[in-house]
Amino acid sequence: MSKIHFERKVLNNGLTVIHHSDRDTPFVVFNTLYKVGAKHENPSRTGFAHLFEHLMFEGTKNVPYFDGPLQEAGGENNAFTNNDYTNYYDIVPALNAEIPYWLESDRMQHLNINAKSLRLQKKVVIEEFKENYINQPYGDIQHLIRGMVYRQHPYQWPTIGKDLKHIQDAALSDVKDFYQTHYCPANAIVVIAGDIDCDTAFSYAEKWFSDIPSGKMQEVKYLSELPQPEARELTHYADVPQNMIIIAFAMPGRLEKGYFEGDLITDILSSGHSSRLHYRLVKEQEIFSEIDAYITGSNDTGMFVIEGRVNEGIDIQHAKNCIWGEIFELQKNGITEIELEKVKNQMLTYMRFSDASLLNKSISLAYYELLGDADLINQEASQYDDITAEDIQSFTQKYLQVHQSNTLYYLSNS
Amino acid sequence: MILRQVPEIHSLVVPAFRKPEQNILSNGLVIYGFPGIYHDITRVDIVIDSGRWTEKYPLIAHSVAKLFKSGTNGKTAFQMSEAVDHLGSTISVYTGYHGFNITVYAMRKNLPATLELMFECLSDDIFPDSEFENYIKNSKAKQKVQEEKTEFIADRAYRNAVFGKNHPYGYSPEISFIDELKHEDILSYFVEEVKNKKPVIYLSGTYDDSEIRLLESIFSGIDYPEKSIELFHSIEKNGDPLHQKINKKGAAQSSLAIGYRSINKQHPDFAVMSLTNTIFGGYFGSRLMSNIREEKGYTYGIYSSLQTYRHDGSILIQTETSGEHVDACITEIESEINKLQNDLIGSEELKQARNYLLGKYLSRMDGAFAQMETFKNYQIEGLDIDCFNKFAETIKSTTPEEIRNMAQKHYNFTAMYQIIVGK
C-alpha cells in the first residue's frame, strides 16, 4: 500500500500542525482535533462536550456568523464529538485555503460565549437527543449497554449524554470553564491536507495561530475498569416490533495488544453474507432477522458487541445460546486460514478505498497524532496483516468468556 | 503582535466537466472511463435502464437487487458470497427509479475474478426458493421497524399524496407490498429487465487497456436487443387530503413533510430554482435553518429539497420537532416563503448561497469516482453532462429579481401537502 506522506511542525505555543499534500483534488481540508470528549465530562453534566461543539458554531468576536465566510468561500464544514475527542473540519476550494486559518484561529481564542446562544443550542441538542435516541426504535441501546459494561470509566455514557436533564442544567460558567481548559493550542492538533504546499500551509499556521496563548495540555487519567467477576444481565421493555439481544464484552483499547484481533473477529462473525453469524444464524437456522458484531474502537478499554434481532416465535434464551454456540466454537476450534485471508483482504480493500477520500485521510492523521504519532496511519495495514489464526483464537479465550459478558434483553412490549 | 488582514474570499472557478474516455465493445456496448490513481482500486458500474420504472408491482426491482447474489446453477448463495468476500471485493446492487445498478469494487489484481463472479450472477441467477422465503421473512421484520419511525411514515404519506401509492416515484415500502411479492415475478423481471437488457458500463479508478479487453471478453459474446420503447406511468389523482395528521402513539417528536409536485432538471427554470431552494432550505446557512433552528431552536435540522426524476419532480420540506412546536414551525415555513416571494435577497446572502452551491458543483467532480458518479447520474436522469456546465454558468449570474420570480412561480404554500406524523 502506498505510504501517506506528511510533515509535522509544532508551533511555539504547542499547537501541532500536520501537512499532507494531495494534488489530485481541487480542495483543501482544514481539520482541527481538540483532545476533549465525553469522557472528560463531569458525571452530572454528561453530553457537555457535544453541547459545546454546537456552541463553537455560534460566532466569535470578529466573525459573528461562523459558517458565513466559509460558505461564501465555496466551502463546507461540520464537526463530531465522540467519547475521546472533538473534531472540526472545513473543506474549501484551494484558492480560498487561507479562510479556515482565519476562522479556526479566531474561534480557538475569541469564541462568543453568551446566555442566548447557550439557551438556544440547549434546545437544538434536546431536539437532536429526541430525534436520534428517543424517537428511534431501539435508540437507547447505547445508553443501556454502556451502563452495564462500564462501572468505573466515563465511557459509561454516550456522547449525546446520559439524560436530557444534564443538558438542560448546563450553566454559562460551565461553558466558560470548559473553553478555557480544553480549547487551546496545547490541546489541539491541526491537519491541513490537499492542494496546498507545505511551506504555505506552515507559514499560514504561524501567521494565524502562533500568538494564541498556549494553554495547558490536559492529561487526565481515569479509573480503568476492574476485571468483571461475573456475568451481568438486564431486561428492558420498549414499544418495539421485535425482541433483540445484545451481548457486550470489555476489550483492549486502541493501543493495546488485542485491539486489531478484536476488530478482525467482528468481521469474521458478521461482515458479508458468508460471515459466520450471518450465514448460520440468519440464513441457515433463521434465528435472527439481522445480526451484527462490532467494536467501539475507543482509546481506552473498548466494547466488543454482538447484537441481533430475534425472529418471531424464537425463544430469547435459545437465541442467546445460539450466539454462545458460535463463540464457543471459536474458542475451541479457532478459524481457518481461508477465513483469516478473507477478512484481511476485505480490510485491505476497505482501507485503500477509505484513503481515496481527502477528508478521511485528514481526520485519520489527526486521530493517529492524538494516539501518539500520525505515522501510525502507515502501520495499520501491517498490524492487521501480522495477525495469525492463533492470535484470533486466544483473543476469544481471553476476552469472550461467559463471566465477562453483559447481556441486554431488549424486549417488545407486545 | 502579528499584523493580519482578513483574507479575501475569492469567487469560485468551476472548470468544465471533464468528458470521459469512451470505448465501444464489438457488440455495441459503451464503456465510459474515468481514470484516476487510487491505490490500485478499480470500480466498475453496470447500469441497466430499468429500475422501479419498469416493474409490474412495487418492490420487484428492489427484491431482484437484494437477491442478486442468492445463487446460480453453479454456486449456492454462500459459495457466491464467500468467493466475492474472499477477494476482498464488493458487489453491491441497488435499484433506482430508472437505473438498475451493479457496482463492483476491487483491488485491481482481483478485478478479473470479481467481474467473472458478477457476470455469473448476471447471466445465471436462479433465485432459489429458500433464499426467496428467507428474504421475505427478513424484509418484513425490517419493515416493521421502519413502521415505527415517524420520518419514514411522513415521507411515505407525502410521496403517496404527490404521485400516487402505485406510481414508481410515489410508493414507499409497505408490509402488504412484501406480502404480495411473487417468486415468478422476481424471476421474470430479472430475465426481461436485467439479464437481457443492454447495459451501459462505467469504469473508474485505476485501469488501462487491459481492463477494456477484460470487459470485451466478458460482455462481447452477448447480442442485446435494441432499446425498447419507454413505458409511461400516469399520476393517480387519489384525492388524498391536502393536510394529513397521522397519529403515532408514544412519539417523542413529530415529523413534518410539506411540499408538492414541481419541476425536474429538464425544466428551463431548474438552475435558478436550485439556487432559490438552496437559499430557502438547501444548506446550513439557509433561511429555514437560520430561523427555525438557529434562532428558535425548534429542531435539530430542517431542509427543503428538490427531488428530481427523469419524468417528474417535487419540492419537499422536512423536519422533526417536538409536538408543541409543530404549529409554530409551519407558520415560520410559510412566512419564509412569503419573504422569499416579496423581498429581494441581499447581495451578501446571495453571494454566500451561490458560492456554496458552486462549491458543491466542484466537489461533484473531485476525483475519478465523483466524476463517474455525477456523469452516471445525469445519464440515468436522462440528461447530457453539458447541462451540468450550463447549470453552473447560470448560477454564477443569477440576480435577486430572478430568485424572487422563481419563488413566486414555484412556491405556492397553500397548494402544498402538509403531512404531520406524531402524537
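Source: prediction; values computed, not measured.

### Some points on the overall build of chain A
- Scanning chain A for helices and strands turns up 15 helices and eleven strands.
- Principal-axis analysis of the C-alpha atoms places the extent of chain A at approximately 65 × 50 × 35 Å.
- Put simply, chain A has 414 residues, and 49% of those count as buried.
- Considering only intrachain contacts with a sequence separation of at least 6, the fraction spanning at least 24 residues in chain A is 79%.

### Some points on the environment of T60 of chain A
Residues and elements named next belong to chain A.
- Looking at the element boundaries, T60 is found in the loop between α1 (48-55) and α2 (67-72).
- Among the residues examined, T60 registers 19 C-beta atoms within 10 Å and is labelled partly exposed.
- Separated by 43 residues in the primary sequence, T60 and L103 have C-alpha atoms spaced 8.8 Å apart.
- Sequence-distant contacts of T60, that is, excluding residues within four places in its chain, are made with F66, D106, R107, H110, L111 and N112.

### Considering the sheet that holds strand β9 (residues 299-308) of chain B
- Here five strands make up an open sheet; going across it, the order is β7-β11-β8-β10-β9 (chain B) and the pairing mixed. Two strands bound the open sheet, and with one partner strand each, they are β7 (243-247) and β9 of chain B. Neighbouring strand axes in the sheet, compared pairwise and without regard to direction, differ in orientation by 15° on average.
- By the bridge criterion, eight bridges tie strand β8 (residues 254-261) of chain B to strand β10 (residues 313-321) of chain B in an arrangement that is antiparallel. Each residue of the ladder has a partner; that of G259 of chain B, found in β10 of chain B, is L316 of chain B.
- Sheet strands touched by helix α4 (residues 115-134) of chain A: β9 and β10 of chain B. Its angle to β9 of chain B, the strand with the most contacts, is close to 65°.

### Remarks on the pairing of strand β6 (residues 188-194) of chain A
Residues and elements named next belong to chain A.
- For β6, the buried fraction is high: seven of the seven residues fall into the buried class.
- The pairing of strand β2 (residues 16-21) with β6 spans six bridges and is parallel. By the bridge assignment, S21 is partnered in β6 with G194.
- Strand direction decides the pairing type here: strand β3 (residues 27-34) and β6, joined by seven bridges, are antiparallel. Its bridge partner being in β6, F30 is matched across the sheet by I192.

### Quick word on the interface of chain A and chain B
- Contact residues are listed per partner, giving 59 residues for chain A and 58 residues for chain B.
- Only α2, α3 (99-109), α4, α8 (198-209), α10 (276-284), β9 (288-295) and α12 (337-354) of chain A provide two or more residues apiece to the side of chain A that touches chain B.
- Within the side of chain A that touches chain B, the residues separate by chemical class into 20 nonpolar, 18 polar and 21 charged.

### Regarding the pairing of strand β11 (residues 417-422) of chain B
Residues and elements named next belong to chain B.
- Of all six residues that make up β11, six are buried, and the element is covered over most of its length.
- Side chains Y417, I419 and V421 of β11 all project onto a buried face; the interleaved residues Q418, I420 and G422 project onto the opposite face, where all are buried too.
- For β7 and β11, the ladder comprises five bridges, and the chain directions are parallel. When the bridges of β11 are listed, H243 appears paired with Q418.
- Where β8 lies against β11, five bridges are found, and the strand directions are antiparallel. If you follow S255 over to β11, its bridge partner there is V421.

### Focus on the packing of α1 of chain A against α4 of chain A
Residues and elements named next belong to chain A.
- With their axes 9 Å apart at the nearest point, α1 and α4 run at an angle of 120° to one another. One finds that α1 runs oblique with respect to α4. The way α1 lies across α4 gives a crossing that is right-handed. Only S117, L118, Q121, K122, V124 and V125 of α4 make contact with α1, whose side of the interface consists of L51, H54 and L55.
- Here the residues of the contact of α1 with α4 sort into five nonpolar, three polar and one charged.

### Some details on α8 of chain A
- Spanning twelve residues, α8 of chain A covers 16 Å between terminal C-alpha atoms, matching the ideal 16 Å at 1.5 Å per step.
- Against the buried residues of α8 of chain A lie β2, α3 and β6 of chain A.

### What to know about the sheet that holds β6 of chain A
Residue and element names in this part refer to chain A.
- Taking strand neighbours across the sheet as the criterion, the six strands line up as β1-β2-β6-β3-β5-β4 in an open arrangement whose pairing is mixed. The open sheet is flanked by β1 (7-10) and β4 (76-81), the only strands paired with a single partner. For this sheet, the mean angle separating the axes of adjacent strands, direction not counted, is 15°.
- With eight bridges joining them, β3 and strand β5 (residues 86-93) adopt antiparallel strand pairing. Across the sheet, L33 pairs through a bridge with N87, a residue of β5.
- In the packing of α1 onto the sheet, the strands contacted are β4 and β5, and the crossing angle to β4 comes to about 165°.
- Most of the contacts of α8 go to β2, to which it runs at about 155°, and overall it touches β1, β2 and β6.

### Regarding unusual backbone geometry
- Of note in this structure, Y138 of chain A is not a glycine but carries a positive phi near 65°.
- Within the secondary structure layout, Y138 of chain A lies in the loop between α4 and α5 (141-149).
- We classify Y138 of chain A as partly exposed; it has 19 C-beta atoms within 10 Å.
- Even without glycine at this site, L59 of chain B takes up a positive phi of about 75°.
- Along the chain, L59 of chain B turns up in the loop between β3 (41-49) and α1 (60-66).

### Quick look at the confidence of the model for chain B
- Predicted confidence across chain B gives a mean pLDDT of 95, with 99% of residues reaching 70 or more.
- Both scores are given for the predicted complex: the pTM is 0.95, the ipTM 0.92.

Conventions and cut-offs
- Residues numbered from 1 in each chain as written.
- Chains lettered and ligands numbered in written order.
- Predicted model: local features only at pLDDT ≥ 70, side-chain atom pairs only at ≥ 80, totals over all residues.
- Helix = DSSP H or I, 4+ residues; strand = E, 2+ residues; numbered from the N terminus.
- Buried ≥ 20, exposed ≤ 12 C-beta atoms within 10 Å, placed from the backbone.
- Contact = placed C-beta atoms within 7 Å.
- Pairing = 2+ DSSP bridges.
- Axes fitted to C-alpha atoms, helices over the stretch in contact; angles between N-to-C directions.
- Nonpolar A, V, L, I, M, F, W, Y, C, P; charged D, E, K, R; others polar.
- Parallel < 35°, antiparallel > 145°, perpendicular 65-115°, else oblique.
- Left-handed = near helix turned anticlockwise from the far one by under 90°.
- Expected span 1.5 Å × (residues − 1).
- pLDDT = per-residue confidence, 0-100.

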